[in-house]
Amino acid sequence: MKLGIVGLPNVGKSTLFNSLTKAGAQAANFPFCTIDPNVGIVPVPDERINLLGKMYNSKKITPAAIEFVDIAGLVKGASKGEGLGNQFLANIREVDAIVHVVRCFEDSNVIHVEGSIDPLRDIETINLELIFSDLEVLERRLSKVSKSARMDKSLAKENDLLVRCKAHLEAGQMAKTMVIEDEDELALMKEFNFLTWKPVIYAANVAEGDVADDGKNNANVAKVREYAAKENSEVFVICAQIEQEISELDDDEKAMFLEELGLSESGLEKLIAASYRTLGLMSFLTAGEDETRAWTIKIGTKAPQAAGKIHTDFERGFIKAEVVNYKDLLETGSLAAAREKAMVRIEGKDYVVQDGDVILFRFNV
């Protein structure tokens, strides 16, 4: 999973990236201090594989991972090169979802490029830059397709979709709010790879005092939630400054610090949960002496395709899957004991893998 972090300068974007990835991106109180995109790969916290790894005495424990891409703060005109923004937008075209950091805190020591705190104005500023960037990509593709559309039915369909999409974007609408008429159009939209087609998760960055109650008394957070609800996007409340402090603690200290603040989970854990929900993802597990590992798949994936995540041969030569829920496996203490208690199921090609399944695949190539 790959997530791109966007936002205006000085909204806490690079501070958040630093705390999520411990990558040390430059964070300073002026625009465009982040020149090249910063990339950090973060393991997904998953107590299930830690417990299974201990049970099997695994030599290696491999969690799922998320790649974060942090780009320079965007400003008005970024798509036209203001603040070098356009080249940065290209860096997030390959991400699965966008994390949009929105400033919802007042602090006279941290300047705002627009001079005041207004999350809806800030969201619209970023969205317009994404729209302009998509229009540039769209127009290049349209000029190629339109020349051949008269002679080719499939290109004619693509041409019609691009024309509709152009009108939609020019009206200031995000591509993801377009009415898509059939599966062919859906496939084309995915292929276009528009930034405004990607799902968005809003990170409402608040002051320390607003974290414990999840921003319920923060009027700016309320505005972001109302806006996000209209486009069916997720919002999570975070204090980037607190996350930076948490990132410097070990696990025990972190748990105590969160408890003192009245928090049940860190911002990273909130973001990961929101990302999995937004992208319709889950994890199945494999466990053994050599390695215990979490594998991320789409919800609804069938056993052979899940096996293919491990190796293409597993999918090609799939015979069956031995499946046990991780709780049952931990409770019984071994796969053999789980088999004896009839907790291990033999599943075939039509089995839809469930979150937390521990699977042993049988295959023959």
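Since this is a predicted model, take the numbers as computed values, not measurements.

Points about the sheet that holds strand S7 (residues 234-238)
What links the strands of a sheet is backbone hydrogen bonding, and the strands pair in either a parallel or an antiparallel sense.
Okay, so step 1: Read from one edge of the open sheet, six strands run S2-S4-S1-S5-S6-S7, paired in mixed fashion. In this open sheet, the two edge strands, each paired with only one partner strand, are strand S2 (38-43) and S7. Along the sheet, successive strands turn relative to each other by an average axial angle of 25°, direction set aside.
Okay, so step 2: Where helix H7 (residues 219-230) meets the sheet, its contacts fall on strand S5 (97-103), strand S6 (200-205) and S7, and the angle it forms with S7 comes to roughly 160°.

Section: the packing of helix H5 (residues 153-170) against helix H6 (residues 183-192)
Okay, so step 1: Relative to each other, H5 and H6 sit at 65°, their axes nearing to 11 Å. Here H5 is positioned roughly perpendicular relative to H6, judged by the angle of their axes. For the crossing formed where H5 meets H6, the hand is right-handed. Counting all contacts with H5, which are made through Lys-157, Glu-158, Leu-161, Leu-162, Arg-164 and Cys-165, the residues of H6 involved are Asp-184, Glu-185, Leu-188, Met-189 and Phe-192.

So, a negative patch on the surface
Okay, so step 1: Taken together, the side chains of Asp-250, Asp-251, Asp-252 and Glu-253 present a region of like negative charge at the surface.
Okay, so step 2: Tracing the sequence through the fold places Asp-251 in helix H9 (residues 251-261).
Okay, so step 3: For Asp-251, a relative accessible area of 64% translates into the label exposed.

Side note on the pairing of strand S9 (residues 291-298)
Okay, so step 1: Pairing of strand S3 (residues 60-62) with S9 involves three bridges; the strand directions are parallel. Residue pairing across strands places Thr-62 opposite Arg-293, the latter belonging to S9.
Okay, so step 2: The pairing of strand S8 (residues 281-286) with S9 spans six bridges and is classified as antiparallel. Bridging across to S9, Phe-284 finds its partner in Trp-295.
Okay, so step 3: Between the antiparallel neighbours S8 and S9 lie four residues.

Observations concerning the environment of Thr-21
Okay, so step 1: Mapped onto the elements, Thr-21 comes out in helix H1 (residues 13-21).
Okay, so step 2: For Thr-21, a relative accessible area of 14% translates into the label buried.
Okay, so step 3: A C-alpha to C-alpha distance of 9.0 Å links Thr-21 and Glu-67, two positions 46 residues apart in sequence.
Okay, so step 4: Look past the residues within four positions of Thr-21 in its chain and what remains in contact with it is Gly-40, Val-42 and Phe-68.

Remarks on the nonpolar core
Burial of nonpolar side chains together is a common tendency in soluble globular proteins.
Okay, so step 1: Counting 83 residues, the largest nonpolar core has Phe-68, Ile-92, Met-189, Phe-194 and Tyr-202 as the members making the most contacts within it.
Okay, so step 2: The leading source of residues in this core is helix H4 (residues 119-148), at eight residues.
Okay, so step 3: Setting aside residues no more than four positions away along its own chain, Phe-68 makes contact with Leu-3, Ile-5, Phe-17, Leu-20, Thr-21, Asn-38, Val-39, Gly-40, Val-42, Leu-268 and Leu-271.
Okay, so step 4: Of all hydrophobic cores here, the second largest spans 14 residues; its members include Met-282, Val-323, Ile-359 and Phe-361.

Things to note about the pairing of S5
Okay, so step 1: Counting buried positions along S5 yields seven of seven residues, so the element is predominantly enclosed.
Okay, so step 2: Side chains Ala-97, Val-99, Val-101 and Arg-103 of S5 all project onto a buried face; the interleaved residues Ile-98, His-100 and Val-102 project onto the opposite face, where all are buried too.
Okay, so step 3: Direction of pairing for strand S1 (residues 2-6) relative to S5: parallel, over a ladder of four bridges. Bridging from a neighbouring strand, Val-6 pairs with His-100 of S5.
Okay, so step 4: Sheet topology note: the S5/S6 ladder contains six bridges and is parallel. For Val-99, the partnering residue across the bridge sits in S6 and is Ile-201.

Some thoughts on the environment of Ala-219
Okay, so step 1: With respect to the helices and strands, the residue Ala-219 is situated in helix H7.
Okay, so step 2: For the pair Ala-219 and Cys-104, spaced 115 residues apart in sequence, the C-alpha separation works out to 8.4 Å.

Some points on the packing of aromatic side chains
Two numbers describe a pair of aromatic rings. These are the distance of the centres and the angle of the planes.
Okay, so step 1: Tallied over the entire structure, the rule returns six aromatic pairs.
Okay, so step 2: Measuring from ring centre to ring centre gives 6.4 Å for Phe-284 and Trp-295, while their planes differ by 15°; the resulting arrangement is stacked. On the criterion of sequence distance, the pair formed by Phe-284 in strand S8 and Trp-295 in strand S9 is long-range, its members being eleven residues apart.
Okay, so step 3: A relative accessible area of 0% means that Phe-284 is categorised as buried.
Okay, so step 4: Ring centres of Phe-284 and Phe-361 lie 6.0 Å apart, and the angle between their planes is 90°; on these two criteria the pair is classed as edge-to-face.

What counts and what doesn't
Residues numbered from 1 in each chain as written. Predicted model: local features only at pLDDT ≥ 70, side-chain atom pairs only at ≥ 80, totals over all residues. Heavy atoms only, no water. Pairing = 2+ DSSP bridges. Helix = DSSP H or I, 4+ residues; strand = E, 2+ residues; numbered from the N terminus. Axes fitted to C-alpha atoms, helices over the stretch in contact; angles between N-to-C directions. Contact = heavy atoms within 4.5 Å. Parallel < 35°, antiparallel > 145°, perpendicular 65-115°, else oblique. Left-handed = near helix turned anticlockwise from the far one by under 90°. Patch = residues over 30% accessible without salt bridge, like charges linked within 9 Å, V, L, I, M, F, W, Y side chains within 5 Å. Areas by Shrake-Rupley, 256 points an atom, 1.4 Å probe, with all protein chains shown as cover. Salt bridge = Lys/Arg side-chain N within 4 Å of Asp/Glu carboxyl O. Lys, Arg positive; Asp, Glu negative; His and termini not counted. Charge placed at Lys NZ, Arg CZ, Asp CG, Glu CD. Buried < 20%, exposed > 50% of the residue type's maximum accessible area, 1.4 Å probe, protein only. Core = buried A, V, L, I, M, F, W, Y, C linked by side-chain atoms within 4.5 Å. Phe/Tyr/Trp six-rings, centres within 6.5 Å; stacked < 30°, edge-to-face > 60°.

All quantities given are derived from atomic positions and should not be read as evidence of function.
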